[in-house]
Amino acid sequence: MSHQQQQQQQFQSIPLDSVESQWEILFNRFDRNRDGKISIIELHNALKHGAGDQYNIPPKILAIIAQKADHDQDGYINFREFLHLMEEEPIAKSLTTNLFNKYIHYTIVPREPPRLRTGGLDRTDGDYEDEYSCNPPALCMIIVSLIEVIFFSWDVIKLKTTESIQGPMASMFIYNPHRRREAWRFLTYMFVHVGRTHLIVNLIVQLLLGVPLEMVHRGWRVVLIYLSGVLAGSLATSVTDPSVYLAGASGGVYALITAHVATIIINWSEMEFAIYQLLVFTFLIFFDFGSSIYNRYFVDVDNQIGYTAHLAGAIAGLLVGVYTLRNLNVRPWEKKLCWSCFVIYVLLIGSGVMWNIIFPEYFSKEHY
């Protein structure tokens, strides 16, 4: 038997169930398109610009390492070949063991060992931070923000003031408790703002929170969460504060805040600083709700602000976020959580809709 045949037989005998999870994670780092293989050229370039530059390893040695990994000489390295390179090939092992151990220790988030399932390893899509991408561009929340600016600007031009909601756009799209039959108002109030400060604050927050979500989860998911918060805000307000008008995108903004909490929950193991992010968002939520309750019930400040819309939007963002946002490594309990959140949101929204339809005497008299 030739040396190459012996090497191939030895290579085939490596059991996948003994693979350290760190090698799978590292392999996924190089396998950018997730097709289960790495080209020789890509591996050589990665070694050259990583190990070669940092540890002054000669390019010829790096080329030998990359070439020896390709056992079937097809120009690509699959995971089994990559594992053999890391654990069995002497020339690679002597040069890369220390390097890759340091690389893994400092740059890769620890995870649970991969679970076996029918057909092979149960792999994740990669670390959460690696999923940030500008392709496609994150434009959805920018477009929503531009529409809000256009609506506000149109009324400013017509009224020549920035502190009124009596303009044609505001009058048409604000949530008016006396015009509940105009059902579009339950959503379109998000385009109406009371004044310049109200608009600017909402724009800043929704862009700072929405764009990063889009870069990982794509725009349609973020817009769906945003709209779910807006709808939940108006329905909840109609039931709990039937005389309150609604203007502004606060319901959607609060949905974006808790959507970040949702993605932390379902991608906890894939996030590098999940606990710190969760603490920050939890503090912001409790601080805002605490100040809102204090202002409304203790010092009677801005008592016409729809605080219920804020709370309902936050609940909607959490429920819809858990169900809608990308989960990079789905576990059995997370599937149950997703469906539970979906059912709860549908029941809450359905209850608000039915209340508006069945009990018209509960609401203020309508006039058009």
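Structure report, in brief. The shown structure was predicted, so the numbers you read here are calculated from the model rather than taken from an experiment.

All right, on to the side chain of His 260 then. Tracing the backbone shows His 260 in helix H12 (residues 250-266). Since its relative accessible area comes to 11%, His 260 is described here as buried. If we ignore the near neighbours within four places in the chain, the residues touching His 260 are Leu 209, Leu 213 and Phe 281.

Attention now moves to unusual backbone geometry. Backbone torsion omega between Asn 135 and Pro 136 reads 5°, so that peptide bond is classified as cis. Among the secondary structure elements, Pro 136 is positioned in the loop between strand E4 (120-121) and helix H7 (140-159). The backbone of Lys 160 shows a phi angle near 60°, a positive value even though the residue is not glycine. Checked against the element boundaries, Lys 160 lands in the loop between H7 and helix H8 (168-173).

Turning next to the side chain of Glu 334. Structurally, Glu 334 can be placed in helix H15 (residues 332-358). Residue class for Glu 334 comes out buried when judged on its relative accessible area of 1%. For Glu 334, the contacting residues outside a window of four places in its chain are Ile 265, Ile 266, Asn 327 and Asn 329.

This brings us to the state of the cysteines. Structurally, a disulfide amounts to a covalent bond that connects the sulfur atoms of two cysteines. The final tally for this structure, using the stated rule, is zero disulfides. Cys 341 provides the cysteine sulfur closest to Cys 338, a residue in no disulfide bond, and the two sulfurs are 6.8 Å apart. Using a relative accessible area of 14% as the deciding quantity, one classes Cys 338 as buried.

This paragraph deals with the nonpolar core. Counting 47 residues, the largest nonpolar core has Tyr 226 and Leu 256 as its most contacted members. Of all the secondary structure elements, the ones that give two or more residues to this core are H7, helix H10 (196-217), helix H11 (219-240), H12, helix H13 (274-297), helix H14 (307-324) and H15. Other than its neighbours up to four places away in sequence, Tyr 226 contacts Met 141, Val 144, Glu 148, Met 190, Gln 206, Ala 249, Gly 252, Val 253 and Leu 256. Membership of the second largest hydrophobic core comes to five residues, among which are Ile 38, Ile 77, Phe 79 and Phe 82.

About the cut-offs
Residues numbered from 1 in each chain as written. Predicted model: local features only at pLDDT ≥ 70, side-chain atom pairs only at ≥ 80, totals over all residues. Heavy atoms only, no water. Helix = DSSP H or I, 4+ residues; strand = E, 2+ residues; numbered from the N terminus. Buried < 20%, exposed > 50% of the residue type's maximum accessible area, 1.4 Å probe, protein only. Contact = heavy atoms within 4.5 Å. Disulfide = S-S within 2.5 Å. Core = buried A, V, L, I, M, F, W, Y, C linked by side-chain atoms within 4.5 Å.

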